[in-house]
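Chains, contacts and geometry: an overview
Given next are the chains, with one letter for each unit.
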Amino acid sequence: MSVEAKPEQGATPVELVTLTIDGIEVSVPKGTLTIRAAEKLGIAIPRFCDHPLLDPAGACRQCMVEIPDMGNGRGFPKPQPSCAIEVMPGMQVKTQHTSEVAAKAQRGMLELLLINHPLDCPICDKGGECPLQNQVVSNGGGESRYEGVKRTFPKPISISAQILLDRERCVLCARCTRFADQIAGDPFIALVERGALQQVGRYADQPFDSYFSGNVVQICPVGALTSASYRFQSRPFDLVSTDVTCEHCAAGCQLRTDHRHSVVRRRLAGEAPQINEEWNCDKGRFAFVAGRGDDRITSPLVRIDGELRPASWPEAIDAAVAGLSAAGQSVGVLTGGRLTIEDAYGYAKFARMVLGTNNIDFRSRPIGEGEATFLANQVAGRTLGDGVTYTDLEQAKQVVLVGFEPEEESPMIFLRLRKAVRKFGISVTAIAALASEGSRKLNANLVPTVPGKEAAALAKLKLAPGDVILVGERGALVNGLLDAVVKKADAAGARFAWVPRRAGDRGAVEAGCLPGLLPGGRPVADVAARVDVATQWGSDSLPPLEGLEGPGILGAAAAGDLEALVVAGVELADFADAEAARAGIDGARFVVSLESRRSEVTERADVVFPVALLEEHSGGFLNWEHRVGRVNTVVKQTVAPMTDLRVLSALADALGTSLGIRTAGQASAELAALGIWDLTAVVAPGARAFVRAPRFPPKSDEVVKLATWRRLIDGGRGQDGEEALAATAKPTVAQLSPALAAKLGVAESGQVVISSGDTWLRLSAAINESMVEGTVWVPMNSPGTPLGELGVVHGDEVGLSLGGEE
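Rules used in this analysis
Here, residues in each chain are numbered from 1, in the same order as that chain's written sequence. In keeping with the predicted nature of the model, local features appear solely for residues at pLDDT of at least 70, side-chain atom pairs appear and are counted solely at 80 or more, and the whole-chain, interface and lining totals rest on all residues. Just so you know, side-chain values use all the structure's heavy atoms and leave hydrogens and water out. Each helix corresponds to a stretch of at least 4 residues labelled H or I by DSSP, and each strand to a stretch of at least 2 residues labelled E; elements are numbered beginning at the N terminus. To sort residues, take the accessible area from a 1.4 Å probe on protein chains only and compare it with the maximum for the residue type: under 20% means buried, over 50% means exposed, and anything in between is partly exposed. Whether two residues are in contact is decided by their heavy atoms, any of which lying within 4.5 Å being enough. Values of accessible area rely on a 1.4 Å probe in the Shrake-Rupley scheme; residue burial ignores everything except the protein chains shown. A residue counts as positive if it is Lys or Arg and as negative if it is Asp or Glu; His and the chain ends are not included. Throughout, a charge is located at the NZ atom of Lys, the CZ atom of Arg, the CG atom of Asp or the CD atom of Glu. Lines are fitted to the C-alpha atoms to define the axes, a helix being fitted only along its stretch in contact, and any angle between axes, read from their N-to-C directions, falls within 0 to 180 degrees. Here the word oblique covers every angle except those under 35 degrees (roughly parallel), over 145 (roughly antiparallel) and from 65 to 115 (roughly perpendicular). By the definition used in this description, the sense in which the near helix is turned from the far one sets the handedness, with an anticlockwise turn below a right angle giving left-handed and a clockwise turn giving right-handed. N or O atoms within 3.5 Å of each other form a polar contact, as long as, within protein, one can give a hydrogen and the other can take it, and as long as residues adjacent in sequence are counted only when both atoms are side-chain atoms. Multiplying one less than the number of residues by 1.5 Å gives the expected span of a helix. Method remark: on a 1 Å grid restricted to protein atoms, a set of points is classed as a cavity if a 1.4 Å probe fits but cannot get out and as a pocket if it is open with protein on both sides within 12 Å along at least five of seven lines; lining residues have an atom within 4 Å of a point. Grid points are joined across faces, edges and corners, and a volume is the space filled by probe spheres set on the points. Throughout this entry, Asp, Glu, Lys and Arg are counted as charged residues, while Ala, Val, Leu, Ile, Met, Phe, Trp, Tyr, Cys and Pro are counted as nonpolar. The remaining residues, Gly among them, count as polar. Two strands make a pair as long as DSSP finds a minimum of two bridges between them. The predictor attaches a confidence to each residue, and that confidence, scored 0 to 100, is pLDDT. For salt bridges, the criterion is a side-chain nitrogen of Lys or Arg within 4 Å of an Asp or Glu carboxyl oxygen.

A tally of helices and strands in the protein yields 25 helices and 36 strands. Residues counted as buried form 60% of the 806 residues belonging to the protein. At a minimum sequence separation of 6, the contacts of the protein that also span at least 24 residues come to 70%. For the protein, the accessible surface area stands at approximately 31,800 Å², while carbon and sulfur atoms represent 52% of it. Separation of charge centres in the protein, based on 82 positive and 97 negative side chains, amounts to 5 Å.

This is the structure:
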């Protein structure tokens, strides 16, 4: 019998090597490890250190096989680790199934491992899904011959606030240390000591505060590494698993959510080779408890005599209908990044068909002039095959990052780029004000650029066909940068991709949550597009005028030009000017809020509808590649029985117009039936666009440009309730160049004051050798840096002074 591993259709032909394993002939690509060749035949060889995404180590010696012939007529006199030997033509391999020599070696290794391994199985988090347990049963001996005293250590010890280590359980497979070094680029842990004292250790002055530390818990083959949040919470056989898509960024990571007694207990990285492979970030793994706090809204609220009071659903719907009816078409709709594409589509349809307005915007964040035009012309209406994918990043010769910090804003892109740099030697170029920690891990070539000058820097960059430009949502804040990206890519034969920060943003574009865009990339200004959508919706007509963008909606409400607002998933502190956003909500005569938790918006609203958490309903997210990721219902709704779609449908019915969709399935089917607009969708900058009025810094020691981005673990409310995760956040500092620090007279860790208008904040200084002159970098929304309160964004001028004593 023989088996041939055929390459995928369209793949580059590879050289095959033919060998024999347990008497079965198999052909696999040259360079394949013996253990992988055995897997092709369905032959399971026990292992601990081996992992398909890590470099071979041969550390545990559990995967021993007999090799009587290496293909040259000579074999090895002793068993060899199949995870560290590449196949050779004519090679003969015998696994434990056909060789007593291999079977004896494997039994011996298991017996040695169990000499010092504690009998913690009844209390160990890994019990029930432990490879050591499984392999002892399938490949080990029936009893131990060891009668001595086991090695013990104090347990557990914290290698970070989130990760705990039980050293006596460790089998020294080095999976965790190799992951930290090879995959994450955070070599904060290592194997230390020798012999029986060897153990996983960390640097004394540097905890394992990696954004990807939770992965070491998942790949640990025993229960040596556990997480503070899940330790002793449940047993694997008590859990019910559901596949979901992560809601924290636009990477589209596939996760496995485990729940017990209708409560989510943990989340693990799913296996998705085309997306997140087998990894995910700590935010996606641990930040899922925010909806369990005391601020969860459990019933509708209606403002009576200036006070929000609990009300029945009919009372709340009647109150909302009365307020919206009185406003007529003088309404704005603001949606946030938590919405699935089906929910976003529901809001887009509700705004146009029921409220009769195009005043809708999903961008509850700093936006720039011309961004809506870019999204309409270059992002909307695209499909997975039209744009850049994760695989394309690995195959590119050069990837350019502009207005985008992948480790902070899309961690899976960072991991894929790091893999491409290590394994395929691609070049990464960062157009930024400083070399970030992530850039250093990517060996990125820094193009030092003063904030606001990125377009000029990009124009001077040399690109070749096949190169890729990744531009983040911050790119819209730099005048002309988005246009420069398109022109540069077209001129060089390169490709580009827009990478938003939030999970729901890409789907919101496709759903039509923009003032000049209908679902499927259809421009509002196009009569044929409006007729197309109106026919599908069964409506006589749709509003023809392009609406206001998000800040314009809030500005009009503050000025009394817009009477009512419908708001969902919006945090006012996320806007470029938080005070202006609050003034807009306060200025509206009537506000309806759909939220799962109390917020600044709900406290100002006239009617509040509680909606289901993401884990309580189904739907989907579109990631940055335009790939659909399903969101499956994990637990039944217990507190808020209504999803956003059902609330909108009930409001529409009460307002006298049927929305026609009540479930995610109905919304998805209707959006699919609409399809993509197949005509040219050129959307010119609208006359109703809102231009933010910049604040000018006061007289300070220095006036400098502000560089900023949001960190992965920041002050966002989606991380609430997970204290261990919050403790791993990076310190909040202001980074400046040595020359600027010397000019101010501030030393490392000294205090500086960043100011704008009449507001200011004080931070510790960090001197960065790579920082471009005349610039200060401050994290956008970390604890102590509410830049929205200063009313400044990336590229603005701020005042910088010596801070003195706190």
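Okay, the packing of helix α7 (residues 313–327) against helix α21 (residues 644–654) next. How two helices pack is summed up by the angle between their axes together with the distance between the axes. Close contact between α7 and α21 brings their axes to 10 Å; oriented N to C, the two are set at 60°. By the angle between their directions, the pair α7 and α21 is classed as oblique. In the packing of α7 onto α21, the handedness of the crossing is right-handed. On the side of α7, the interface is formed by Trp313, Ile317, Ala320 and Val321, while α21 contributes Val647, Ala650, Leu651 and Ala654.

Here we take up unusual backbone geometry. Here the bond from Lys155 into Pro156 is cis, since omega is -15°, no more than 30 degrees from zero. By secondary structure assignment, the location of Pro156 is in the loop between α3 (131–139) and β7 (157–158). With a phi close to 65°, Phe232 is a non-glycine residue in the positive phi region. Note that Phe232 resides in the loop between β11 (225–227) and β12 (240–245). Although it is not a glycine, His261 adopts a positive phi angle of roughly 55°. As for its placement among the helices and strands, His261 is situated in the loop between β13 (254–260) and β14 (263–269).

What follows covers the environment of Asn768. Within the secondary structure layout, Asn768 lies in the loop between β34 (759–767) and β35 (775–777). C-alpha of Asn768 to C-alpha of Pro738: the two residues are 30 residues apart in sequence and 6.8 Å apart in space. Here Asn768 is in contact with Leu434, Ala435, Arg440, Gln735, Leu736, Ser737 and Pro738, once residues within four sequence places are set aside. In this structure the side chain of Asn768 is engaged in a polar contact, spanning 2.6 Å, whose partner is the side chain of Ser770.

What follows deals with helix α15 (residues 481–492). For α15, with 12 residues, the first-to-last C-alpha span of 16 Å sits near the 16 Å given by 1.5 Å per residue. Residues Leu481, Leu482, Ala484, Val485, Val486, Lys488, Ala489 and Ala492 constitute the buried set of α15. On the buried face of α15, the contacting elements are α9 (371–379), β19 (398–402), α14 (454–460), β22 (468–472) and β23 (495–499). Following α15 by one or two positions, Gly493 has its phi on the positive side, about 75°.

What follows deals with the side chain of Arg597. Along the polypeptide, Arg597 turns up in the loop between β27 (590–595) and α20 (600–604). Residue Arg597 is classed as buried on the basis of its relative accessible area, which comes to 10%. Within polar-contact distance, the side chain of Arg597 engages the side chain of Asp295 at 2.9 Å. Side-chain polar atoms of Arg597 contact the side chain of Asp720, separated by 2.7 Å. Dropping the residues within four chain positions of it, Arg597 is found in contact with Ala290, Gly291, Asp295, Arg296, Ile297, Thr602, Arg717 and Asp720.

The next thing to look at is empty space enclosed by the protein. Per the counting criterion, the structure on display carries nine cavities of 30 Å³ or more. In this model, the second largest cavity occupies a volume close to 130 Å³. Taken together, 16 residues line the second largest cavity, and the ones lying closest to its centre are Ile431, Ala432, Ala433, Arg474 and Trp709. The greatest single-element share of the lining of the second largest cavity, amounting to three residues, is contributed by strand β20 (residues 427–432). Of the residues in the lining of the second largest cavity, the class split is nine nonpolar, four polar and three charged.

The next point concerns the sheet that holds β12. The antiparallel open sheet is built from three strands, whose spatial order is β12-β13-β14. At either margin of the open sheet sits one strand with a lone partner, and together these are β12 and β14. The mean angle between the axes of side-by-side strands here comes to 30°, regardless of whether they run parallel or antiparallel. When β12 meets β13, the two strands line up antiparallel, connected through six bridges. Considered in β13, the bridge of Thr242 is made with Thr257.

What follows covers the sheet that holds strand β28 (residues 607–610). Reading across the sheet, the seven strands line up as β16-β15-β28-β27-β26-β17-β18 and stay open at both edges, with mixed pairing between neighbours. In this open sheet, the two edge strands, each paired with only one partner strand, are β16 (307–310) and β18 (360–361). Sheet topology places strand β17 (residues 331–335) next to β18; two bridges connect them, and they run parallel. Across the sheet, residue Val333 finds its bridge partner in β18, namely Ile360. Here helix α18 (residues 550–558) sits on the sheet in contact with β17, β18 and β26 (564–568), set at roughly 135° to β17.

Turning our eyes to something else, we now look at the pairing of β28. Of the two faces of β28, both are covered, the one formed by Val607 and Phe609 as well as the one formed by Val608 and Pro610. Bridge analysis of strand β15 (residues 301–304) against β28 gives two bridges, and the strand direction is antiparallel. Residue Val302 lies in a different strand from β28, and its bridge partner there is Val607. When β27 meets β28, the two strands line up parallel, connected through four bridges. Along β28, the bridge assignment pairs Ser593 with Val608.

Here we take up the confidence of the model for the protein. Counting all residues, the mean pLDDT for the protein is 91, and 95% of those residues have values of 70 or more. Contacts of residues 684–691 to residues separated by more than four positions or lying in other chains number 13 contacts, the stretch itself having pLDDT below 50.

Taken together, the six bridges between strand β2 (residues 16–21) and strand β3 (residues 24–29) define a ladder with antiparallel strand orientation. By the bridge assignment for β3, Thr20 is matched with Glu25. Counting the residues that bridge the hairpin from β2 to β3 gives two residues, and of these Asp22 lies at a positive phi of roughly 50°.

Gaps left between atoms show up when a probe the size of a water molecule is rolled over them. Taken as a whole, the second largest pocket encloses approximately 1,100 Å³ of empty space. Every residue lining the second largest pocket is counted, 47 residues in all, and those nearest its centre are Glu247, His248, Arg338, Arg717 and Gly718. Every element with two or more residues in the lining of the second largest pocket is listed here: β12 and β14. Looking at the lining of the second largest pocket residue by residue, the classes come out as 16 nonpolar, 14 polar and 17 charged.

On the secondary structure map, Arg151 appears in the loop between α3 and β7. The charged side chain of Arg151 is buried without a salt bridge, its nearest counter-charge being Glu168 at 7.4 Å. Those residues in contact with Arg151 that lie beyond four places of it in its chain are Asn116, Arg167, Glu168, Cys170, Ala196, Leu197 and Gln198.

Taken as a whole, this structure holds 60 salt bridges when the rule is applied. Of the charged contacts in the structure, one is a salt bridge between Glu473 and Arg501, with a shortest N-O distance of 3.7 Å. One end of the pair, Glu473, is in the loop between β22 and α15; the other, Arg501, is in the loop between β23 and α16 (505–511), with 28 residues separating them in the sequence. For Glu473, a relative accessible area of 9% translates into the label buried. Shared partners join several salt bridges into a network, and the residues in it are Asp361, Arg363, Arg365, Glu371, Glu473, Arg501, Arg502, Asp505 and Glu549.

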